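Secondary and tertiary structure notes
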Amino acid sequence: MQLNLSELTSKKNLLAFSAGVDSTALFFLLLKDEIKFDIAIVNYNLREESKEELEYAKSLAKKYDKQIFIKEVTLTGSNIEKNARDIRYNFFEEIITENDYDNLITAHQLNDKLEWFLMQLSKGAGLVELLGLQEYIDKENYKIIRPLLHTSKQKLEEFLKENSIKYFVDKSNFEDKYRRNYFRHEFSNRFLSEFENGVSKSFDFLQKDLKSLNINYTPIFKEKSLTIFKNLHDENLNIKVIDKHLKKEGFLLSKAQRDEILKQQQTVISNQVSVCISDEFIWICPYVIKTMNKKFKEFCRINKIPKLARAYIFNRKIDEKEIVKTIYS
Ligand SMILES: Nc1ncnc2c1ncn2[C@@H]1O[C@H](COP(=O)(O)OP(=O)(O)OP(=O)(O)O)[C@@H](O)[C@H]1O
């Protein structure tokens, strides 16, 4: 099994370890390649075996001299999958911030990638959403790296069996409880057992196509709650940038709101957020009403700062000259 682990060498890595097939295989593959890492595990106390899994994680940490971070929680109620994920990622972020890790490694594999793809396909999605599960994600102070995205679960299982390595099977994966498990059992496992190479190649091709679209999600200016992106001069791409940014801010756009933004170019959404698409830029900030002085308004007019963004800039005392200097440089 050939993995590209170059991003992990000489870095401080944290492996999200659940004692299941994928993360156990990754644990030993990283050891084999002499990649340094520590582990983090969340025990949701949902199943009897979870205690044993935790003990296994502790024993591996001890044996291979790894630091281990443990979080114990008791999950109840509805929305378990989402709650578990939120708790998990908050915990990882806490550890990363407190201990200066460079990378969070997760053990998502090719089956996960295909299941994600199918789930999006079943809901109606475009290229960005279909390829949602990415190998590298840049977060503010660390990277998420998923080195197994080209490897099927079957290969990982074979690796563990060949090397007589103990691992646990998450029983909840066998209950068709969640939508994802439907795809897992009805389709992806069987399909990959026959077409693993082709699927892996297709994902690479699609990824290259996505790259060619050159969607730049990085703002060119950000201060307080004012964010400015480059206008990508393509309605579909612009709305993707706006949509993604607002989602991150906890604001989900409806189809009608998306259409409105593209039609009006300057819109207030739900009386809260201003979104303006100007000739060169996309401006997003809270919607504010404020009386502004003449000099400021004149400066904005000359420098093409959209009307709906002006009051927020004025109110929050963001240096308008600095904005203009940055975006036009
Ligand atoms: N309890 C856990 N403790 C630590 N890491 C975990 C735990 N559960 C899962 N992980 C990590 O997350 C990876 C994905 O796990 P899983 O497929 O169960 O999650 P998911 O439902 O796809 O959620 P997400 O994609 O948001 O991580 C695992 O390979 C492992 O690296």
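What comes next is a walk through the structure. (Residues numbered from 1 in each chain as written. Predicted model: local features only at pLDDT ≥ 70, side-chain atom pairs only at ≥ 80, totals over all residues. Heavy atoms only, no water.)

Some thoughts on the layout of surface pockets
Filter applied, for reference: Space inside and on the surface of the protein is sampled on a 1 Å grid over the protein atoms alone, with a cavity defined as a set of points where a 1.4 Å probe fits but cannot get out and a pocket as an open set with protein on both sides within 12 Å along at least 5 of 7 lines; lining residues have an atom within 4 Å of a point. Grid points are joined across faces, edges and corners, and a volume is the space filled by probe spheres set on the points. Secondary structure elements are defined from DSSP: runs of H or I of at least 4 residues count as helices, runs of E of at least 2 residues count as strands, and each element is numbered from the N terminus. Amino acids outside the nonpolar list (Ala, Val, Leu, Ile, Met, Phe, Trp, Tyr, Cys, Pro) and the charged list (Asp, Glu, Lys, Arg) are all regarded as polar, and Gly is one of them.
Each pocket or cavity is described by its volume, and for the second largest pocket that value is around 150 Å³. Per-element accounting of the lining of the second largest pocket gives the leading share, 3 residues, to strand β11 (residues 281-286). Residues belonging to the lining of the second largest pocket are distributed by class as follows: 6 nonpolar, 4 polar and 2 charged.

So, the pattern of salt bridges
The condition is simple: Counted as salt bridges are all cases of a side-chain nitrogen of Lys or Arg within 4 Å of a carboxyl oxygen of Asp or Glu. Using a 1.4 Å probe on the protein chains alone, a residue whose accessible area is under 20% of its type maximum counts as buried, one over 50% counts as exposed, and one in between counts as partly exposed.
Applying the stated criterion to the full structure yields 14 salt bridges. K240 is the partner of E129 in a salt bridge, and the nearest nitrogen-oxygen pair spans 3.9 Å. Of this pair, E129 sits in helix α5 (residues 127-130) while K240 sits in helix α8 (residues 235-248); the two residues are 111 residues apart in sequence, bridging distant segments of the chain. Residue classification places E129 among the partly exposed residues on the basis of a relative accessible area of 30%. Relative accessible area serves as the criterion here: at 18%, K240 is assigned to the buried category. Two residues, E298 and R301, come together in a salt bridge whose shortest N-O distance is 2.7 Å.

Comments concerning the sheet that holds strand β10 (residues 273-277)
Rules: In this description, strands pair whenever DSSP reports at least two bridges between them. To obtain each axis, a line is fitted to C-alpha atoms, and for helices this fit is confined to the stretch in contact; angles are then taken between N-to-C directions over 0 to 180 degrees. Note on definitions: a residue-residue contact is assigned when non-hydrogen atoms from the two residues lie within 4.5 Å.
One open sheet holds the 5 strands; their spatial order is β7-β8-β11-β10-β9, and the pairing between them is antiparallel. Two strands close off the open sheet at either side, each with one partner strand: β7 (221-223) and β9 (266-269). For this sheet the average axis-to-axis angle between neighbouring strands, irrespective of direction, equals 10°. With 4 bridges connecting them, strand β8 (residues 226-230) and β11 associate as antiparallel partners. Bridge pairing links F229 to I282 in β11. Helix-sheet contacts for helix α9 (residues 255-264) involve β9 and β10, and the interaxial angle to β9 is about 155°. The strands touched by helix α12 (residues 320-327) are β7, β8 and β11; relative to β7, the strand with the most contacts, the crossing angle is about 155°.

A closer look at the site of the ligand
Short version of the rule: We call a residue near a molecule or strand whenever a single non-hydrogen atom of that residue lies within 4 Å of it. Polar contact is defined as a pair of N or O atoms within 3.5 Å, subject to the rule that within protein one atom must be able to donate a hydrogen and the other to accept it, and that residues adjacent in sequence are counted only when both atoms are side-chain atoms.
Taken together, 16 residues surround the ligand, and among them A16, R85, Y89, H108 and R180 come closest. Here an oxygen atom of the ligand and a backbone polar atom of A107 are 3.0 Å apart. Within the side chain of H108, an N or O atom sits 2.7 Å from an oxygen atom of the ligand. Here the shell around the ligand is composed, by residue class, of 9 nonpolar, 3 polar and 4 charged.

Structural notes on the packing of aromatic side chains
Test applied: Only Phe, Tyr and Trp rings take part, Trp by its six-membered ring, and two of them pair if their centres are within 6.5 Å. Stacked means planes under 30 degrees apart, edge-to-face means over 60, and tilted covers everything else. Two thresholds decide whether a charge sits over a ring: the Lys NZ or Arg CZ must be within 6 Å of the ring centre and within 35 degrees of the ring normal.
Summed over the entire model, instances satisfying the criterion amount to 16 aromatic pairs. Pairing F281 with Y328 gives two aromatic rings, centres 5.4 Å apart and planes at 75°, and the pair type is edge-to-face. Of this pair, F281 sits in strand β11 while Y328 sits in the segment after α12, placing them 47 residues apart in sequence. Classification of F281 by relative accessible area gives buried; the value is 2%. Using a relative accessible area of 34% as the deciding quantity, one classes Y328 as partly exposed. An aromatic cluster is present here, built from F17, F27, F28, F37 and Y64 joined pairwise through their rings. Stacked on the ring of F37, the Lys or Arg K66 has its end atom at 4.2 Å from the ring centre.

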